[in-house]
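So the chains spell out like this:
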Amino acid sequence: MSLNNIVAQNDSVAHERVDDIPLIMGLMQKLRLPEILDLHLGNHGNHQGLSNGWLATLWLVYILSESDHRKYTVQGWVERHQHTLECLIGQPIRPVECNDDRLEIVLRRLSDTQAWEALETELWQNTLKVYAIEVEGIRLDSTTTYGYHTPMEDGLMQYGHSKDHRPDQPQLKLMAAAAEPSGHLLGVDVHPGQAADDPLYVPLMKRVRQMLGRSGLLYMGDSKMSALATRADIVASDDYYLMPLPRTGDTKDELEAWVDAVVNGKQPLQPIWNDESLLGAGYEFVRTQQAEIDGECVKWHERVLVICSLSHAQRQEKRLEQKLTQAQEALWKLTPPPGRGRHQYRIAADLQTAVDQVLEQYGVTGLLQVRWECEEKLVTRYVGPGRPGPNRPRKTERQVRYVITSVKRDEPAIAGQRRRMGWQVRVTNLSVAKAGISQCEEYYRRGWCLEHGFHLLKDKPLGIRPLYVRKDDQILGLTRLLTLGARLLTLIQTQVRRGLKEQGEEMGGLHGGLPKLTTARPTAKRMLKAFVRAEITLTRIQMGEYVRWHITPLSPLLEKILGYLDLSPSLYTRLIENST
């Protein structure tokens, strides 16, 4: 019998889009996220209906599936997917429970820092039980996210240095720690937007040590992590560090001397390789450091790695060429031909000052040779007002104009500048036996794993910027909820990529109009979109007391994704309740 005949003869046909909802919910349940949330968020004594843990879970599923973290739209989404959600969680749902007020309570409870830290610890431990996540090191870094808020005294949203290039908007700061090489978030601390990075590393590292229950790990970060007190804390905790030194203060002068030793031929270099690729060259030496931690003097030996990165040098050379070209154009424009509205330099010192300002503006002082000459001409003018005539008095003036005649590149000076490009200094307390200079460089270059986590947090589907809540506890709670979503996305991505690598395969069908395009490194965003693009639909056909269900079959691609996540296709098929 055709579907048209069934529709014509029976009471109703209802459709419900399923898409990626079972996958996301199944992954959360596999990690026991609803139970962990319930345990640490708690519930009011008079609480009825869905617990706070399940409310947070449903909201997180909505965020990942719909790419929207607003509160007021969740209730309508639950109404549209009520059957699917009830089957997945195994309990009845009243959509009204997912209203704005109830979700606000969830955020308020997530803003409790003590509960949040305990939640992060238990979630990590349970994740390890389900998926074998490697921890070869810990990467720490900070980022910012803004909102259209009015800064309040002692509030989270404050003006500060924006990593989103929005200094016009108040922001908050996230300090995060991730496991390398996967980039899976371990802990996230939320701070006011104007907070300096330097003092934020040590508290998070202490939390991570307690969370992992082990020492001897390598902690890596950027130059703001290189404060001597931070390094001393890592040493005192029997851990290791690897980080660059900032090119400020004493290090700036010391780096000049360290590079001079290479340029002058006094210091030999050793090549730095990654597999078969040449990354650069460098050398190292050992020095002794000491600092006071909790009243005790900590003393240790530190390796200083002076490294010239080929890629960094190439980027600097390209930028230098751009600056030289821009400076040359700006210099020629200083002395245009005479004409209305065109400024002319009549005093040599004024032109010299203007030239120096251009060279300094583009950072090419000493790299361009500028020559100019003085042009003189006699100009005869009538004296006083009136018409010209043979007897009218005249005077002759000597008019001076300075004109730039040549702008040449000082090639020896430019070559000397190039020899000083690409140099960076990293410090570590790892012994040479644990990691040579090439391996240290390889470790440090894996920092993209955390940067990628920040991109997941800021881009769709999480889209933390801008934030659509106002109160500090709501901002704090929502930020933490979204970091849970980032963990799930990272987990999907890591597990599927690992499975593809073990099978020696690549995955196709993720790029919409490019069905033949394959990749060994699919993103979580594209995999979830593949489920949405399949338009997996649950259909309910009712004919009197007779009810029949149908669901769109999963394609081999979607089943493969579920398999790599150790999830069963029954997440979808159990939504069907066929009657006899």
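Refer to the preceding data block for the structure.
Residues numbered from 1 in each chain as written. Predicted model: local features only at pLDDT ≥ 70, side-chain atom pairs only at ≥ 80, totals over all residues. Heavy atoms only, no water.

Draft legend 1. Spotlight on the overall build of the protein. Tallying secondary structure elements over the protein gives 20 helices and 16 strands in all. For the protein, whose C-alpha radius of gyration is 33 Å, the value lies well above the compact-globule estimate of 25 Å for 580 residues. Across the 580 residues that make up the protein, the buried fraction comes to 49%. Within the protein, contacts between residues at least 6 apart in sequence are counted, and of these 67% link residues at least 24 apart. Side chains of the protein carry 73 positive and 71 negative charges; the gap between the two charge centres is 9 Å. (Helix = DSSP H or I, 4+ residues; strand = E, 2+ residues; numbered from the N terminus. Rg over C-alpha atoms; globule rule 2.2 N^0.38 Å. Buried < 20%, exposed > 50% of the residue type's maximum accessible area, 1.4 Å probe, protein only. Contact = heavy atoms within 4.5 Å. Lys, Arg positive; Asp, Glu negative; His and termini not counted. Charge placed at Lys NZ, Arg CZ, Asp CG, Glu CD.)

Draft legend 2. Examining the layout of surface pockets more closely. In this structure, the largest pocket encloses a volume near 750 Å³. Together, 19 residues line the largest pocket, and Pro181, Ser182, Thr494, Arg497 and Arg521 are the ones closest to its centre. Elements with a minimum of two residues in the lining of the largest pocket: helix 16 (448–458) and helix 17 (472–503). Here the element with the most residues in the lining of the largest pocket is helix 17; it accounts for 6 residues. (1 Å grid on protein atoms, 1.4 Å probe; cavity = no way out; pocket = protein on both sides within 12 Å on 5 of 7 lines; lining within 4 Å. Points joined across faces, edges and corners; volume = space filled by probe spheres on them.)

Draft legend 3. Expanded view of the sheet that holds strand 16 (residues 546–551). The 3 strands are arranged 1-15-16 in an open sheet whose pairing can be described as antiparallel. The open sheet terminates on both sides in strands that have one partner only, identified here as strand 1 (12–17) and strand 16. Within this sheet the neighbouring strands show an average axis-to-axis angle of 15°, counted without direction. Lying over the sheet, helix 6 (residues 82–89) contacts strand 1, strand 15 (537–543) and strand 16, oriented at roughly 65° with respect to strand 1. (Pairing = 2+ DSSP bridges. Axes fitted to C-alpha atoms, helices over the stretch in contact; angles between N-to-C directions.)

Draft legend 4. Expanded view of the packing of aromatic side chains. Within this structure, the stated rule accounts for 4 aromatic pairs. Relative to Tyr148, the ring of Tyr146 has its centre 6.1 Å away and its plane inclined at 75°; by these criteria the two rings are edge-to-face. Given the relative accessible area of 44%, Tyr148 is considered partly exposed. The ring of Tyr146 carries Arg166 above its face, with NZ or CZ at 5.2 Å from the centroid. Lying across the ring of Tyr219, Arg209 places its NZ or CZ 5.5 Å from the centre. (Phe/Tyr/Trp six-rings, centres within 6.5 Å; stacked < 30°, edge-to-face > 60°. Lys NZ or Arg CZ within 6 Å of the ring centre and 35° of its normal.)

Draft legend 5. The arrangement of the packing of helix 16 against helix 17 in detail. Interhelical geometry of helix 16 versus helix 17 gives an angle of 120° and a closest axis separation of 9 Å. It follows from the interaxial angle that helix 16 and helix 17 lie oblique. Of the two elements, helix 16 crosses helix 17, and the hand of that crossing is right-handed. Note on element contacts: helix 17 touches helix 16 through Leu482, Thr483, Ala486, Leu489, Thr490 and Gln493, opposite His452, Leu456 and Leu457. Within the contact of helix 16 with helix 17, the residues separate by chemical class into 5 nonpolar, 4 polar and no charged. (Parallel < 35°, antiparallel > 145°, perpendicular 65-115°, else oblique. Left-handed = near helix turned anticlockwise from the far one by under 90°. Nonpolar A, V, L, I, M, F, W, Y, C, P; charged D, E, K, R; others polar.)

Draft legend 6. Examining the pattern of salt bridges more closely. As enumerated under the stated definition, the model contains 37 salt bridges in all. Here Arg487 ties to Glu120 by a salt bridge, and the two come within 2.5 Å at their closest N and O atoms. Here the residue Arg487 occupies a position in helix 17, and Glu120 occupies one in helix 8 (residues 113–130), the gap between them amounting to 367 residues. In this structure, Glu441 and Arg445 form a salt bridge, with 2.9 Å as the shortest nitrogen-oxygen distance. Taking relative accessible area as the criterion, Glu441 reaches 1% and is therefore assigned buried. For Arg445, a relative accessible area of 34% puts it in the partly exposed group. (Salt bridge = Lys/Arg side-chain N within 4 Å of Asp/Glu carboxyl O.)

Draft legend 7. Focus on the packing of helix 9 (residues 201–212) against helix 10 (residues 228–236). With their axes 10 Å apart at the nearest point, helix 9 and helix 10 run at an angle of 15° to one another. Taken as axis vectors, helix 9 and helix 10 run roughly parallel relative to one another. Judged by the twist between their axes, the crossing of helix 9 over helix 10 is right-handed. Between helix 9 and helix 10, the contacting residues are Tyr201, Val202, Met205, Lys206 and Arg209 on the first element and Thr230, Asp233 and Ile234 on the second. Looking at the contact of helix 9 with helix 10 residue by residue, the classes come out as 4 nonpolar, 1 polar and 3 charged.

Draft legend 8. Looking closely at a nonpolar patch on the surface. A surface patch of nonpolar side chains, about 280 Å² in accessible area, is lined by Trp273, Leu278 and Leu310. Mapped onto the fold, Leu310 is located in helix 12 (residues 310–332). Taking the relative accessible area as the measure of exposure, Leu310 reaches 36% and is therefore partly exposed. (Patch = residues over 30% accessible without salt bridge, like charges linked within 9 Å, V, L, I, M, F, W, Y side chains within 5 Å. Areas by Shrake-Rupley, 256 points an atom, 1.4 Å probe, with all protein chains shown as cover.)

Draft legend 9. Representation of helix 9 in the model. Its 12 residues place the ends of helix 9 16 Å apart at the C-alpha level, agreeing with the 16 Å of an ideal helix rising 1.5 Å per residue. The element helix 9 is largely enclosed, with a buried count of 9 among its 12 residues. When we look at burial in helix 9, the residues that qualify are Tyr201, Val202, Leu204, Met205, Arg207, Val208, Arg209, Met211 and Leu212. Lining the buried residues of helix 9 we find helix 8, strand 2 (137–146), strand 3 (171–180), strand 4 (184–192), strand 5 (218–220) and helix 10. Within two residues after helix 9, Gly213 carries a phi angle of roughly 65°, on the positive side. (Expected span 1.5 Å × (residues − 1).)

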